[in-house]
Amino acid sequence: QVQLVVSVGGLVQPGGSLRLSCAASRTFFRFDAMGWYRQAPGKQRELVALVTSSNNKDYADFVKGRFTVSRDNAKETVYLQMNSLEPEDTAVYYCTARWGSSASWGQGTQVTVSS
């Protein structure tokens, strides 16, 4: 079983930045993809960004140009750099890692964008 440890989110002012990280407990293991989802109150969980083992990246339209997903394969760690944050980005952010037909989820971390 793979455990994913997510960094703490926080409270950020509109226009601010925040970086999330997610480290897998299983090293020297190549995940097919790692990335981030989010869930706002009253809404379904939605994809934010994914990065594959070959560094192909997929972003939700609402974060393109503002968020950047990156991955350190040696450390099996994925990052989410969030810039120009908006109140609409307020949500619980979840990390995920996929391999074959399997997937693991990290604990959610709250990101609140408010003045």
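The rules behind the values
Residues numbered from 1 in each chain as written. Predicted model: local features only at pLDDT ≥ 70, side-chain atom pairs only at ≥ 80, totals over all residues. Heavy atoms only, no water. Helix = DSSP H or I, 4+ residues; strand = E, 2+ residues; numbered from the N terminus. Buried < 20%, exposed > 50% of the residue type's maximum accessible area, 1.4 Å probe, protein only. Pairing = 2+ DSSP bridges.

Let us look at unusual backbone geometry. In this structure, Asn55 takes a positive phi of about 70° despite not being glycine. The residue Asn55 is located in the loop between strand 5 (46-52) and strand 6 (57-59) in this model. Positive phi outside glycine occurs at Glu76, with the angle close to 50°. Position of Glu76 relative to the elements: it lies in the loop between strand 7 (67-72) and strand 8 (77-82).

This next bit is on the pairing of strand 7. The alternating pattern of strand 7 places Phe67, Val69 and Arg71 on a buried face and Thr68, Ser70 and Asp72 on a face that is not buried. Note that strand 7 and strand 8 share six bridges and pair antiparallel. By the bridge assignment, Thr68 is partnered in strand 8 with Gln81. Connecting the antiparallel pair strand 7 and strand 8 is a turn made up of four residues, with Glu76 showing a positive phi of about 50°.

What is shown is where atoms sit, not what they do.
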